[in-house]
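# Summary of the model geometry
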Number of protein chains: 2
Amino acid sequence: MELLDGQLVSKTIKEGLKLKVGQLIAEGKKVPHLAAVLVGDNGASETYVGAKVKACAEIGYKSTLLRLEEDISESRLLGIIEELNNDIDVDGILVQLPLPKHISDEKVINTIHPSKDVDGFHPVNVGKMVQGLPTFISATPHGILLLLEHYKIDTKGKHAVVVGRSNIVGRPMSILLSSNTPTGNCTVTICHSHTRNLPEICREADIIVAALGKPGFVKADMVKKGAVIIDVGITRVPDAAKKSGFALKGDVKFDEVAPHSSYITPVPGGVGPMTIAALMKNTFMACEERSGGSLI
Amino acid sequence: MELLDGQLVSKTIKEGLKLKVGQLIAEGKKVPHLAAVLVGDNGASETYVGAKVKACAEIGYKSTLLRLEEDISESRLLGIIEELNNDIDVDGILVQLPLPKHISDEKVINTIHPSKDVDGFHPVNVGKMVQGLPTFISATPHGILLLLEHYKIDTKGKHAVVVGRSNIVGRPMSILLSSNTPTGNCTVTICHSHTRNLPEICREADIIVAALGKPGFVKADMVKKGAVIIDVGITRVPDAAKKSGFALKGDVKFDEVAPHSSYITPVPGGVGPMTIAALMKNTFMACEERSGGSLI
């Protein structure tokens, strides 16, 4: 069993980007600028946005964090996004989800200009991803592909089982893994709450992507010997022993599944840091495309 | 075994649309108008476009067929599409594929305004389909869903195997069948040229969608007793006994597979006519949305 060390790979990617930023500065060019929008004060969202802003600082990107009140009106938020769309210095815009209930995620996502949509959530970017055209691939699936690539995990002809069909992870993962690309060409089975015989289906998998958000859902008896395990789950579970009062739990029972696997991501330290690395890559690409004058 | 009679269901749908057109006329409203663009003189394309124009006439839609020379320049074609985009009388635009090699399919598709893209090929419409938002679902997958719906075939929790990952059929079919909708909620396995053990995977399927374009590929020993078989293939195979000199062959060996199946589509007369019915539904929707002033 080998650990898919997202922390390490993410660090490598970020160091690579830092070098590139150094080059940009040396050439007197603009450095990438990410604008992050955080509405309200959800603890997990604070952590995620904080990690993204920190990553920008490490790499040498400019970042702007807009903290907005929980009760901001939808139209005001959309107006702020329009301002960011029109701000020629801003390359990438991310609006941390979830948003308060009175604001439509869909409207917000559709308002971000596709050329600045570094989260890859805008329908036109999703459509391009489906069609195999160059675009922003959303950060978590993109991060997983970077991890598979780094560890040279052969995907061609493998059977991947994706558990979960969310727009953010499961759905794009199932599309990307089955696409005709170097980290694709898997036969992919996508499973969800209506799937029957899920343990049986998982046992057939060479690669399992668990993205359902149920801590410890994937157990040893659901995993074929030698399978590759990608655990996307990251749920806060109360834990009195921790200073924060909670522990982060993945969708996979790591201790019992790891010995069966060939490769496995830990939680934390697996997919999480890769998501940030992928977002940083997307932001660099956004800056590059915009500097080149060719908006995606 | 029951035949999924696309000819009959398509007729029913078209009759329903004809009644609606009658209402529009009675109310003094605009009738739907489909503009079809045919470049060059590919025999199969001629047939397909001809069938679409004929369906418009049957239902009472207005249609415009633009026949363009094989050697038309890409920029001229894009200009013509822009004219159709700007023509307030035109509700739907379809450009028959394939196009001559010197013209980029991608550019042509991206030029059609999403609100007139009744083929559902524009990335923004594909993205909306993936995200489960209201949009034009491309005609063949949409037609297959209408067929499943008509025959009240229960899809929830069923295992569907989609053979083929084309942007036009296999890929959207795999997404739609696994989405959280009345004709979805299947566990879906998407297979392609790199899939190993395809016969074995097919034998596990409750529903097989064969969309690879290889005549007679799916044989009796690949099908579980009682499976639902959707044959999307439609290949012209030389046949001296036919006046046209060719016969249309599906991807499924109908004679040997039919006795194993619970439902099966014939070729021709299955998915083909449903594709046209779905296109007609999309065109009606385009007209309705545009008349309502709410462009999709």
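Residues numbered from 1 in each chain as written. Chains lettered and ligands numbered in written order. Predicted model: local features only at pLDDT ≥ 70, side-chain atom pairs only at ≥ 80, totals over all residues.

## Quick look at the overall build of chain A
Counting secondary structure elements, chain A contains ten helices and eleven strands. Expected size for 296 residues packed as a compact globule is a radius of gyration near 19 Å; at 19 Å, chain A falls within 12% of this value. If one aligns the C-alpha atoms of chain A with their principal axes, the spans along those axes are about 55 × 40 × 35 Å. Every one of the 296 residues in chain A was classed for burial, and the buried ones make up 50%. In chain A, of all internal contacts separated by at least 6 residues, the share reaching a separation of at least 24 is 68%. (Helix = DSSP H or I, 4+ residues; strand = E, 2+ residues; numbered from the N terminus. Rg over C-alpha atoms; globule rule 2.2 N^0.38 Å. Buried ≥ 20, exposed ≤ 12 C-beta atoms within 10 Å, placed from the backbone. Contact = placed C-beta atoms within 7 Å.)

## Details of the relation of the copies chain A and chain B
Under the fitted operation, chain A is carried onto chain B by 0.0 Å of movement along the axis and a turn of 180 degrees, and the coordinates agree to an RMSD of 0.0 Å. Interpreted geometrically, this transformation is the action of a two-fold axis. The residues that chain A uses at the interface reappear at the interface of chain B in 100% of cases, marking a shared surface. (Least-squares fit on C-alpha atoms with pLDDT ≥ 70 in both.)

## A word on the interface of chain A and chain B
Of the residues lining the interface, 27 residues belong to chain A; the matching set on chain B comes to 27 residues. Contributions of two or more residues to the side of chain A that touches chain B are made by helix H5 (123–130), helix H7 (170–178) and strand S6 (187–191) of chain A. A per-class count over the side of chain A that touches chain B returns nine nonpolar, twelve polar and six charged. Bridge count between S6 of chain A and strand S6 (residues 187–191) of chain B: three bridges; the pairing is antiparallel. The partner of Ile 190 of chain A across the bridge, within S6 of chain B, is Val 188 of chain B. (Nonpolar A, V, L, I, M, F, W, Y, C, P; charged D, E, K, R; others polar. Pairing = 2+ DSSP bridges.)

## Digging into helix H3 (residues 74–86) of chain A
All names here are of chain A. The end-to-end C-alpha distance of H3, which contains 13 residues, comes to 18 Å, matching closely the 18 Å that a straight helix rising 1.5 Å per residue would cover. Among the residues of H3, Leu 77, Ile 81 and Leu 84 are the ones counted as buried. Around the axis of H3, the buried residues are gathered within 55 degrees of arc, so they sit on the same side. Opposite the buried face of H3, by more than 90 degrees, sit the exposed residues Ser 75, Arg 76, Glu 83 and Asn 86. Buried-residue contacts for H3 involve strand S2 (33–39), strand S3 (62–68), strand S4 (92–95) and helix H4 (105–111). (Expected span 1.5 Å × (residues − 1). Arc of directions from axis to C-beta.)

## Overview of the packing of helix H6 (residues 139–150) of chain A against H7 of chain A
Residues and elements named next belong to chain A. At a minimum axis separation of 9 Å, H6 and H7 run at an interaxial angle of 40 degrees. Taken together, the axes of H6 and H7 are oblique relative to one another. Handedness of the crossing formed by H6 with H7: right-handed. Residues Pro 141, Ile 144 and Leu 145 of H6 form the contact with H7, whose own contacting residues are Pro 172, Met 173 and Leu 176. (Axes fitted to C-alpha atoms, helices over the stretch in contact; angles between N-to-C directions. Parallel < 35°, antiparallel > 145°, perpendicular 65-115°, else oblique. Left-handed = near helix turned anticlockwise from the far one by under 90°.)

## Details of the environment of Lys 225 of chain B
Summarising the element assignment, Lys 225 of chain B is placed in the loop between strand S7 (207–210) and strand S8 (227–231). Along the chain, Lys 225 of chain B and Ser 261 of chain B lie 36 residues apart, while their C-alpha atoms are 5.9 Å from each other.

## Brief notes about H5 of chain A
Burial analysis of H5 of chain A places eight of its eight residues in the buried class, the great majority of the element. Among the residues of H5 of chain A, Pro 123, Val 124, Asn 125, Val 126, Gly 127, Lys 128, Met 129 and Val 130 of chain A are the ones counted as buried. At its buried positions, H5 of chain A is contacted by H4 and H7 of chain A together with helix H5 (123–130) and helix H7 (170–178) of chain B. Directly beyond the C-terminal end of H5 of chain A, a positive phi value near 75 degrees is found at Gly 132 of chain A.

## A closer look at the sheet that holds strand S3 (residues 62–68) of chain B
Residues and elements named next belong to chain B. Strand order in this open sheet of three strands is S3-S2-S4, and the pairing throughout is parallel. Each end of this open sheet is capped by a strand with a single partner; those strands are S3 and strand S4 (92–95). Sheet twist, expressed as the average angle between the axes of neighbouring strands with direction ignored, equals 15 degrees. Sheet strands touched by helix H2 (residues 43–59): strand S2 (33–39) and S3. Its angle to S2, the strand with the most contacts, is close to 165 degrees.

## Quick look at unusual backbone geometry
A cis amide bond, omega 0 degrees, links Leu 97 of chain B with the succeeding residue Pro 98 of chain B. Checked against the element boundaries, Pro 98 of chain B lands in the loop between S4 and helix H4 (105–111). The omega angle of the peptide bond from Val 267 of chain B to Pro 268 of chain B is -5 degrees, so this bond is cis rather than trans. Positionally, Pro 268 of chain B belongs in the loop between strand S11 (261–264) and helix H10 (271–291). Phi angles above zero are rare outside glycine, and Asn 197 of chain A is one such case at about 55 degrees. You can see Asn 197 of chain A is positioned in the loop between S6 and helix H8 (198–203).

## Quick look at the environment of Asp 221 of chain B
Residue and element names in this part refer to chain B. Within the fold, Asp 221 resides in the loop between S7 and S8. A tally of 11 C-beta atoms within 10 Å means that Asp 221 is categorised as exposed. Along the sequence, Asp 221 and His 194 sit 27 residues apart, while their C-alpha atoms lie 20 Å from each other.

## Some remarks on the environment of Gly 16 of chain A
All names here are of chain A. Turning to its location among the elements, Gly 16 is positioned in helix H1 (residues 6–26). Residue Gly 16 is classed as partly exposed on the basis of its 15 C-beta neighbours within 10 Å. Along the chain, Gly 16 and Lys 281 lie 265 residues apart, while their C-alpha atoms are 9.8 Å from each other.

## Details of the packing of H1 of chain A against helix H2 (residues 43–59) of chain A
Each pair of packed helices gets described by two things: the angle between the helix axes and the distance between those axes. All names here are of chain A. Running from amino to carboxyl end, H1 crosses H2 at an angle of 50 degrees, the nearest separation of the two axes being 8 Å. One element, H1, and the other, H2, form an angle in the oblique class. On H2, the residues touching Lys 14, Leu 17, Lys 18 and Val 21 of H1 are Ala 55, Glu 58 and Ile 59. Taken together, the residues of the contact of H1 with H2 break down into four nonpolar, no polar and three charged.

## Thoughts on the sheet that holds S2 of chain A
All names here are of chain A. The parallel open sheet is built from three strands, whose spatial order is S3-S2-S4. Edge strands, defined here as strands with exactly one partner in the open sheet, are S3 and S4. Averaged over all pairs of adjacent strands, the angle between strand axes in this sheet comes to 15 degrees, irrespective of strand direction. Examined bridge by bridge, S2 and S4 share four bridges and lie parallel to one another. By the bridge assignment, Ala 35 is partnered in S4 with Ile 93.

## Some remarks on the pairing of S2 of chain A
All names here are of chain A. For S2, the tally of buried residues reaches seven of seven residues, placing the bulk of the element in the interior. Burial of the side chains of S2 extends over both faces: His 33, Ala 35, Val 37 and Val 39 are buried on one face and Leu 34, Ala 36 and Leu 38 on the other. Crossover handedness for the path S2 to H2 to S3: right-handed. (Right-handed = clockwise from strand over helix to strand, strands pointing away.)

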